[in-house]
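So you can see what is in the structure, the chains are spelled out below.
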Amino acid sequence: MSDFEARLQEWRGLPAIGLRLPGGDSALIALQGAQVLSWVSRGQERLFVSPQAAHDGHTPIRGGIPVCFPQFNQRGPLVKHGFARTLAWSGQPGDARPAEGGGLQITLRLEDSEATRAVWPHAFEALLTVELHPGALTVRLAVHNRGAQDLPFTAALHSYLQVPGAEQIELQGLDGLVYWNAVAAGAETHPVQAGAVRFGVETDRVYPRAAQALRLQTLSSQPLLQIAQDEAWSETVVWNPGPELCARLPDMAPDSWQHMLCVEAAAIDAPVVLAPGGRWQAAQHLRAL
Ligand SMILES: O=P(O)(O)OC[C@H]1O[C@H](O)[C@H](O)[C@@H](O)[C@@H]1O
């Protein structure tokens, strides 16, 4: 009998699928939004979920890995970050399959419905594949245009990484890149990143994808995570609300900003446009260090 396990679980009353490897690594994926809500590797939770996250089955869940699709943020007419994170995706534990290298993977699916066509007139299939490996997690979004017109979209895997203190960490690998500073408030809107990114105040930035993987570590150089993204994710968004914005977010605790950092694999500056029948896919790869 195998010790690989995929089973139906609950997360704060919502249906979710739990994956577990023989070595103990595990992941939990809510059907709402196909949102990964937990990734435990080497006995440690690697993702952040707010203690005040909504769990009513339709409000966005603050934490884990929200799938922003078919619109990132407010860059279009749809609800912020698109409808995918608020809808129920389909999938069941029996869909789990072995993945190369001793892993376990599962794919959840979202298709167009009357509700999606009412706000977005496209026939599509979106697939979210979660691959759990010893020490690593890969999350892949695939989109298929099943309609007769071009399908344009923007998207992101909005990963909330758990950190031991936002002011005690740094993100390496973005040095030298020109980024868009969304909270410039009088400062330069397109500065060049100098060295590692550090946190403590509201940080909301869009970087072009770095050629190499990013590395999250403590200021005393204790390694935490390696974060990589496929080329089709053309940007990386780095977000931490800092103390002031965090205090205004109803689904965060006042100190939540200390415990999380979003490093998001994104395709947002130029929309992806799929011709009829076209397919697109891209993954984010997280590795515990
Ligand atoms: O509060 P949400 O709708 O989940 O968005 C949370 C954040 O997502 C991204 O990181 C954006 O760059 C931020 O501007 C936004 O505040």
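Residues numbered from 1 in each chain as written. Predicted model: local features only at pLDDT ≥ 70, side-chain atom pairs only at ≥ 80, totals over all residues.

Looking at an unreviewed UniProt entry, one finds the protein named Putative glucose-6-phosphate 1-epimerase, with Comamonas terrae as its source organism. The protein has a UniProt comment under Catalytic activity (unreviewed entry) that states "alpha-D-glucose 6-phosphate = beta-D-glucose 6-phosphate". (UniProt positions renumbered as here; feature names shortened; annotations may be inferred.)

### Focus on the sheet that holds strand β7 (residues 97–99)
Strands sit in the order β7-β8-β9-β10-β21-β18-β17-β13-β15 across an open sheet of nine strands; the sheet is antiparallel. Looking at which strands have only one partner, the edges of the open sheet turn out to be β7 and β15 (197–198). As paired strands, strand β8 (residues 103–111) and strand β9 (residues 124–133) are joined by eight bridges and run antiparallel to one another. Within the sheet, the bridge partner assigned to Ile106 lies in β9 and is Val130. (Pairing = 2+ DSSP bridges. Helix = DSSP H or I, 4+ residues; strand = E, 2+ residues; numbered from the N terminus.)

### Brief notes about the site of the ligand
Close to the ligand lie Pro60, Asn73, Lys80, His81, Ala182, Asp204, Val237, Trp239, Cys262 and Glu264. Listing elements by their share of the shell around the ligand, those giving two or more residues are β19 (235–240) and β20 (260–274). Each residue belonging to the shell around the ligand can be placed in one class, and the counts come to five nonpolar, two polar and three charged. (Near = placed C-beta within 6 Å. Nonpolar A, V, L, I, M, F, W, Y, C, P; charged D, E, K, R; others polar.)

### Looking at unusual backbone geometry
As a rule of thumb, non-glycine residues mostly have phi less than zero, and peptide bonds are mostly trans rather than cis. In this model, Phe69 is joined to Pro70 through a cis peptide bond whose omega is 0°. As for its position among the elements, Pro70 is in the loop between β6 (67–68) and β7. Backbone geometry places Arg12, a non-glycine residue, at a positive phi of 45°. As for its position among the elements, Arg12 is in the loop between β1 (5–11) and β2 (14–20).

### Side note on the environment of Gly101
Looking at the secondary structure, you find Gly101 in the loop between β7 and β8. You can call Gly101 exposed: it has 9 C-beta atoms within 10 Å. Separated by 59 residues in the primary sequence, Gly101 and Tyr160 have C-alpha atoms spaced 26 Å apart. (Buried ≥ 20, exposed ≤ 12 C-beta atoms within 10 Å, placed from the backbone.)

### Looking at the pairing of strand β17 (residues 214–218)
Of the strand pairs in this sheet, strand β13 (residues 169–172) and β17 are connected by four bridges, and their pairing is antiparallel. Among the inter-strand pairings, Glu170 is bridged to a residue of β17, identified as Gln217. Of the strand pairs in this sheet, β17 and strand β18 (residues 223–229) are connected by four bridges, and their pairing is antiparallel. Pairing of Leu214 across the sheet is with Ile227, part of β18.

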